[in-house]
Amino acid sequence: METNHKPGRRRALALMGGSLLLMAGVSANPWSTALAYAADAKAGRPVPELASLKWQEIADKARGQRIDFHAWGGSEATNAYLRDQASIAARQQGIEVRHVKISDTAESVSTLLAEKAAGRSDGSIDVIWINGENFRALKQAELVWGPFVERLPNSDYLLEEIGARDFGLATDGLEAPWGRAQLIFMYDSALLESPPRSMQALLKVAREHPGRVTYPQPPSFHGTTFLKQALLELMPVEQREVLASPVASDAQFAEVTAPLWDYLDALHPLMWAQGERQPAGAEEQMKLLAQRSVWIALTFVPQEVANARQEGRLPPTIEPYIHDGGTLGNVHYLAIPASAPHKAAALVWINQLMSAEAQAAKADPSRWGDDTVLDVARLPPQERAAFDALPRLPGSMSPEALGTPLSEPHPSWTDALEAEWARRYRN
Amino acid sequence: MGATLSQLTQWVADRWRVAPATGHAPLTPARVLRWGVLLLLLGPTALGLAGLVAPAFGLWPTLGFDQVSAVAWQRWWALPGLAEGFRLTLVSGLGGTLLAVLLTMGWVSAAAGTRFGERMERLLAPILAMPHLALALGLLWLAAPSGVLMRLLMAPFEVLVPPQYPLPDAHGITLAVGLALKEAPFLMLMAQTALSRLPVTAQLQAGQALGYSIPQLRWRILMPQVMRAIALPIGAVLAYSLAVVDVAQVLGPTRTPTLAVRLVELWRDSDPTARLPASVGALMLALLVIGMMALGAALGRSLLTWHRDWVLSHHPARASRLALTSDVMFGRVARGVLGVVTLISLLAFVVIGVQSVARSWFFPALLPSRWGWESWQQALAGLGDAFSNSLWLALLVATLAVILSVAVFERERESGRLRGFVVCLYLPLLLPQASFLFGFQVGWLSLGASPGWAGVVIGHLLFALPYAWLTLAGPWARFDTRLEQAARLLGRPRLEVLIGIRLRLMLRPLAISWAVAFAVSIAQYVPTVVLGGGRVPTLTTETLALATGSDPRLTAVAACLQACLPLLVFLLARAVPAGRSVSPTRG
């Protein structure tokens, strides 16, 4: 037993060397195949075998398939809704939907990139809930499949003009509209007599009650939205059209955004935790609102307050409101990755989520409370009835109160705002 | 590539064929297992490193970066708030480790083996079992301005809104304390297993016979022995604390986050090229961890030397002469601190439990205004799969980890120490998880594997195995080998001696090591997500998804479920009879 530890050591070193060789080989390989794969993806779009099929044939092909649906899983309202829809899909379409609950859509973008880097054409994601920057990342990397939206029977009833542009970027039918969202503020009516209906009024509240106002930290989705909302409100209305086109120059950016930075410089020292710490997202801010640590929060789901009050997540004294000049609105989407192995079932699933029945259930404030992407007025009467029967709960926002949403600036403004914010405020 | 592979295979095959002929390496089962472990650990680690190093030097062809360049380094150093990030990482990582070590020292010197210590140990079991994320949330719900402690204080004053104080603070102190509270029980467990193999009674009796008090003897004699024995676990704690992500997101500052959190932010950036600086950051963090471990080892060694010199030059007063020496005082203070720490950790546990059955619970209410099991019902509707996945995964991973650890020890005993091997075992603990696993993911997929169970099992094993090995290392080294020698001399085959004598007598350390591996597997987040492609939902992935939402009640339920499994396993492990009670008389 008292043996040779020298050869053992030599062999271990040799094996390590061997592993290094293996690693070099393996890691060199995916990159060459990945390039080839990217070329294939370009040449093969739209996938021919599905393009030639009629809808019924696609539905037949989908039967028996199992799909991985990547969607944020942080809300039980959302998760329960998707559970219901998945059981309907299993019953009526014969497809199995697996809701992969992710904490950040960028994780799924990561996965797709890794799969592409590994040269895989059979990915692990069939459908993805997406919008904005994540869509842009996928579109630029040519990781989305389509166009497919017009092929869905239920797309006939979509609202006019909806879903043509996602954060200023043309969607080209590569993602299907799933819900409409608008920036909603909420306040605690037990602590504030009236809500501050503008950015200036918000600053006034911060002066009167130091430490009770904050906003989610950019570049989180809601944090960046707050920056854009403030930018829009603080600049003269007639100047706003410059935001529709890309940032022209650093000088232009500095000039246009100067009021925003002045505003934030004044706001930050008055914020919760002196602005040293900001909520990671709108959800954390809502938890702070529920505990009265902060008095104002924001969300993108119009019926969030109604839903949360009914569920007991927010005290009954919380009320929703929007700013007088209107608030930003946008649409969220469903997309199919180019590497999705079950595209037929993915199409059937998206079509189902776009149906009047599913959209009405989604708009129900006691379940989720998201605005529909369908033109309810154009729906056949029996399908419209489901929308008419939706309950009104305490704390819900009426369509009149929401008004017309402001449109999102061009994505280049978003990038520039996030970068400048980080430069100024991340120490 | 093909040529390289076949050459490599040929080379390996040659080695295998030649080796037995020259009599250097007979193919024992232990040897096969050991090579298996080495490949299992080295392969993924090497893959992970490749996926880290190449982008750091500007190589990422799919994104259009196909030449070695310094662009990644330039972008990394241009990040705002980097120096602050370094400072925070050091404060929280070093501070957390230091606090945990101090608590453990206090425990060894004042509590281990006493009745107080035993009671505390029993109470600490839930903390040991509780995943990091859950404990962090519990602590926050306890100590935040709107937390339960503040409500208790405010109850008589009819206050409507919570006070304002910075918690979590901007300097990483909250994070350090949170990490210490979670890591100290682990170190205490390690110290406990180390103590159980020391001739404690004999040493204390000898000391008492010379007239010294027990607290003096613990501080002067037991403490340095134990600290030396748990050097490796302390290293693991240090590496973990410097690179932790989930806890840092909950308890750390957000305006300027720690380096590890910054890496994950970059990794998740919707601009994929942000991964180039992220890779540089991952390397920097790995270097930082290695540097700090070296520093820590040097510091620890000189402290122990200093302690020895001090002990030798300061002769203690005899117990009979002084009723209350400073050593005794120290013991009382240490016990007080340990008691408070245990209490806080337990309260965090209770708060999570209450939160899970609360429907509405808003400041300043001391108790929920509405109770109900709805959250549990909702969770059970949605978490069934996650629960069973977690359970099976942890059972499998823990069992594999213990078997492999035993194989490693057997081989190590046969051929003397193999330093390189220990480093391999340790590498996964040293590298920042998120970045390292991405490299592994790319390699894994390009080998033709699909995301799913196999990848997740290997990913979990990478992290569970070192911990299982660590937990077992102390007891294994201190085992009385004369028992085995006797059995060998009586003509028993090696395997029978291993199973019949050693494993049987070491049943309890084996069970505890299994339980630690189980808990590690339950708590894994990054490997599960990255290598499972979301197809293996576990309680941990669901908890984190829920924690990003606005419903603390569901998060609490998930955290409870996540803590229950390891807790159960720990209690079972403790019920396993200690090996020494089995008398080795047959044979």
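Residues numbered from 1 in each chain as written. Chains lettered and ligands numbered in written order. Predicted model: local features only at pLDDT ≥ 70, side-chain atom pairs only at ≥ 80, totals over all residues. Heavy atoms only, no water.

## Examining the overall build of chain B
Inference 1: Check the secondary structure of chain B and you find 25 helices and 4 strands.
Inference 2: Out of the 587 residues belonging to chain B, those deemed buried represent 59%.
Inference 3: Within chain B, residue pairs in contact and separated by at least 24 positions form 80% of the contacts whose partners lie at least 6 positions apart.
Inference 4: Of the roughly 23,600 Å² that chain B leaves accessible, carbon and sulfur atoms contribute 69%. (Helix = DSSP H or I, 4+ residues; strand = E, 2+ residues; numbered from the N terminus. Buried < 20%, exposed > 50% of the residue type's maximum accessible area, 1.4 Å probe, protein only. Contact = heavy atoms within 4.5 Å. Areas by Shrake-Rupley, 256 points an atom, 1.4 Å probe, with all protein chains shown as cover.)

## Things to note about the overall build of chain A
Inference 1: When its secondary structure is counted, chain A shows 16 helices and 10 strands.
Inference 2: Total accessible area on chain A stands at roughly 16,500 Å², and carbon and sulfur atoms take up 53% of it.

## Let's talk about the confidence of the model for chain B
All names here are of chain B.
Inference 1: Residue-level pLDDT values for chain B average 83, and 88% of them are 70 or greater.
Inference 2: Mean pLDDT values over the elements of chain B span from 46, in helix 1 (residues 2-22), up to 94, in helix 4 (residues 82-110).
Inference 3: Counted against residues more than four places away or in other chains, residues 1-6, with its pLDDT under 50, gives 5 contacts.
Inference 4: Counted against residues more than four places away or in other chains, residues 15-23, with its pLDDT under 50, gives 8 contacts. (pLDDT = per-residue confidence, 0-100.)

## A closer look at the environment of L395 of chain B
All names here are of chain B.
Inference 1: Mapped onto the fold, L395 is located in helix 16 (residues 374-415).
Inference 2: Take L395: its relative accessible area is 26%, and that puts it in the partly exposed class.
Inference 3: The sequence separation of L395 and F518 amounts to 123 residues, and the corresponding C-alpha distance is 6.6 Å.
Inference 4: Other than its neighbours up to four places away in sequence, L395 contacts W514 and F518.

## Things to note about the pairing of strand 1 (residues 66-72) of chain A
Residue and element names in this part refer to chain A.
Inference 1: In terms of burial, strand 1 is largely enclosed, as 5 of its 7 residues are buried.
Inference 2: Two elements, strand 1 and strand 2 (residues 96-102), share 7 bridges in a ladder whose sense is parallel. Directly across from R66, in strand 2, lies its bridge partner E96.
Inference 3: One crossover worth recording links strand 1 to the parallel strand 2 by way of helix 4 (residues 76-92), and it is right-handed.
Inference 4: Judged from the 2 bridges that link them, strand 1 and strand 3 (residues 127-130) form a sheet pairing that is parallel. When the bridges of strand 3 are listed, H70 appears paired with I128. (Pairing = 2+ DSSP bridges. Right-handed = clockwise from strand over helix to strand, strands pointing away.)

## A word on the sheet that holds strand 8 (residues 296-299) of chain A
All names here are of chain A.
Inference 1: With respect to topology, 3 strands assemble into an open sheet ordered 8-7-9, the strand pairing being antiparallel. Each having just a single partner strand, strand 8 and strand 9 (318-321) make up the two edges of the open sheet. When the angles between neighbouring strand axes are averaged without regard to direction, this sheet yields 30 degrees.
Inference 2: Pairing of strand 7 (residues 184-188) with strand 9, which is carried by 4 bridges, proceeds in the antiparallel orientation. When the sheet's bridge partners are listed, D188 is paired in strand 9 with I318.
Inference 3: Relative to the sheet, helix 10 (residues 282-290) contacts strand 7, strand 8 and strand 9, its axis offset from that of strand 8 by approximately 145 degrees.
Inference 4: Strand contacts of helix 11 (residues 304-311): strand 7, strand 8 and strand 9, with the helix running at about 170 degrees to strand 9, the strand carrying the most contacts. (Axes fitted to C-alpha atoms, helices over the stretch in contact; angles between N-to-C directions.)

## Examining the sheet that holds strand 3 of chain A
Residues and elements named next belong to chain A.
Inference 1: The strand order across the open sheet formed by 5 strands is 2-1-3-10-6, and the pairing between neighbours is mixed. Strand pairing shows two members of the sheet lacking a second neighbour, strand 2 and strand 6 (175-182), which therefore form its edges. On average, each strand axis in the sheet is tilted by 20 degrees relative to the strand beside it, whichever way the strands run.

## So, the packing of aromatic side chains
The description of two aromatic rings rests on the distance between their centres and on the angle between their planes.
Residue and element names in this part refer to chain A.
Inference 1: Scanning the entire structure with this criterion turns up 21 aromatic pairs over all chains.
Inference 2: Ring geometry for W178 versus W368: centroids 5.5 Å apart, planes at 85 degrees, classification edge-to-face. With a gap of 190 residues between them, W178 in strand 6 and W368 in the loop between helix 13 (356-363) and helix 14 (381-388) connect regions that are remote in the sequence. Both residues of the pair, W178 and W368, count as buried.
Inference 3: Consider the rings of F185 and Y321, whose centres lie 5.7 Å apart with planes at 25 degrees: the pair is stacked. Of this pair, F185 sits in strand 7 while Y321 sits in strand 9; the two residues are 136 residues apart in sequence, bridging distant segments of the chain. In this structure, F185 and Y321 share a single accessibility class: buried.
Inference 4: Three or more aromatic residues joined by ring pairs make a cluster, and in this case those are F69, Y81, W129, W178, W349 and W368. (Phe/Tyr/Trp six-rings, centres within 6.5 Å; stacked < 30°, edge-to-face > 60°.)

## Side note on the pairing of strand 3 of chain A
Two faces make up the sheet, and in a regular strand the side chains alternate between them.
Residues and elements named next belong to chain A.
Inference 1: Neither face of strand 3 is left uncovered, since the one carrying V127 and W129 and the one carrying I128 and I130 both have all their residues buried.
Inference 2: Note that strand 3 and strand 10 (residues 329-335) share 3 bridges and pair antiparallel. Across the sheet, residue I128 finds its bridge partner in strand 10, namely A335.

## Quick word on the confidence of the model for chain A
All names here are of chain A.
Inference 1: The share of residues in chain A with pLDDT of 70 or more is 88%, and the mean pLDDT across the chain is 86.
Inference 2: The low-confidence segment residues 1-8 (pLDDT under 50) makes 7 contacts with residues lying over four places distant or belonging to another chain.
Inference 3: Residue range residues 19-46 is modelled with pLDDT below 50. Its contacts to residues more than four positions away, or to other chains, number 44 contacts.

## Observations regarding a nonpolar patch on the surface
Residues and elements named next belong to chain B.
Inference 1: On the surface, L149, L152, L343, L347, V350, L366, L367 and W371 cluster together into a nonpolar patch covering about 750 Å² of accessible area.
Inference 2: Taken together, the elements giving at least two residues each to the nonpolar patch come down to helix 7 (148-154) and helix 15 (326-356).
Inference 3: A per-element tally of the nonpolar patch places helix 15 first, with 3 residues.
Inference 4: Looking at the secondary structure, you find V350 in helix 15.
Inference 5: V350 gets classed as partly exposed once you look at its relative accessible area, which sits at 47%. (Patch = residues over 30% accessible without salt bridge, like charges linked within 9 Å, V, L, I, M, F, W, Y side chains within 5 Å. Salt bridge = Lys/Arg side-chain N within 4 Å of Asp/Glu carboxyl O.)

## Let's talk about helix 4 of chain A
Residue and element names in this part refer to chain A.
Inference 1: With 17 residues, helix 4 extends 24 Å from end C-alpha to end C-alpha; this agrees with the ideal 24 Å at 1.5 Å per step.
Inference 2: Here helix 4 has its buried residues at E76, A77, T78, N79, Y81, L82, Q85, A86, I88 and A89.
Inference 3: With a side-chain oxygen lying 3.2 Å from the backbone nitrogen of A77, the N-terminal cap of helix 4 falls on S75.
Inference 4: Following helix 4 by one or two positions, G94 has its phi on the positive side, about 70 degrees. (Expected span 1.5 Å × (residues − 1). Polar contact = N/O pair within 3.5 Å; in protein donor to acceptor, adjacent residues only side chain to side chain.)

## A closer look at unusual backbone geometry
Inference 1: The amide bond that connects G146 of chain A to the next residue, P147 of chain A, takes the cis arrangement and shows omega of 5 degrees.
Inference 2: Within the secondary structure layout, P147 of chain A lies in the loop between helix 6 (132-140) and strand 4 (165-166).
Inference 3: Cis geometry marks the peptide bond from L167 of chain B to P168 of chain B; its omega dihedral reads 0 degrees.
Inference 4: Within the secondary structure, P168 of chain B sits in the loop between helix 7 and helix 8 (173-196).
Inference 5: Unusually for a residue other than glycine, Q274 of chain A sits at a positive phi of about 50 degrees.
Inference 6: Along the chain, the position of Q274 of chain A falls in the loop between helix 9 (250-267) and helix 10.

## So, the packing of helix 6 (residues 132-143) of chain B against helix 25 (residues 552-575) of chain B
All names here are of chain B.
Inference 1: In contact at an axis separation of 10 Å, helix 6 and helix 25 are set at 135 degrees when each is read in the N-to-C sense. Taken together, the axes of helix 6 and helix 25 are oblique relative to one another. Seen along the crossing, helix 6 lies across helix 25 with a hand that is left-handed. Residues A134, L137 and W141 of helix 6 form the contact with helix 25, whose participating residues are P552, T555, A556, A559 and Q562. (Parallel < 35°, antiparallel > 145°, perpendicular 65-115°, else oblique. Left-handed = near helix turned anticlockwise from the far one by under 90°.)

## A closer look at the pattern of salt bridges
Inference 1: In the structure shown here, the tally under the stated rule is 29 salt bridges over all chains.
Inference 2: Its salt-bridge partner being E408 of chain A, residue K228 of chain A comes within 2.8 Å of it at the nearest N-O pair. With K228 of chain A in helix 8 (residues 221-234) and E408 of chain A in the loop between helix 15 (399-402) and helix 16 (411-425), the pair connects residues that are 180 residues apart, well separated along the chain. One exposure class covers both K228 of chain A and E408 of chain A, and it is buried.
Inference 3: For the salt bridge of R359 of chain B with E374 of chain B, the shortest nitrogen-to-oxygen distance reads 3.8 Å.

## Some details on the environment of A290 of chain A
Inference 1: Along the chain, A290 of chain A turns up in helix 10.
Inference 2: In this structure the C-alpha to C-alpha distance between A290 of chain A and P236 of chain A, which are 54 residues apart in sequence, comes to 35 Å.
Inference 3: With residues up to four places along the chain from it excluded, the contact list for A290 of chain A reads R313, L314 and P315 of chain A together with F362 of chain B.

## Looking at the side chain of N389 of chain B
Residue and element names in this part refer to chain B.
Inference 1: Inspection of the secondary structure puts N389 in helix 16.
Inference 2: Here P537 takes part through its backbone oxygen, which lies 2.9 Å from a polar atom of the side chain of N389.
Inference 3: Setting aside anything within four residues of it in sequence, one finds N389 in contact with W453, V536 and P537.

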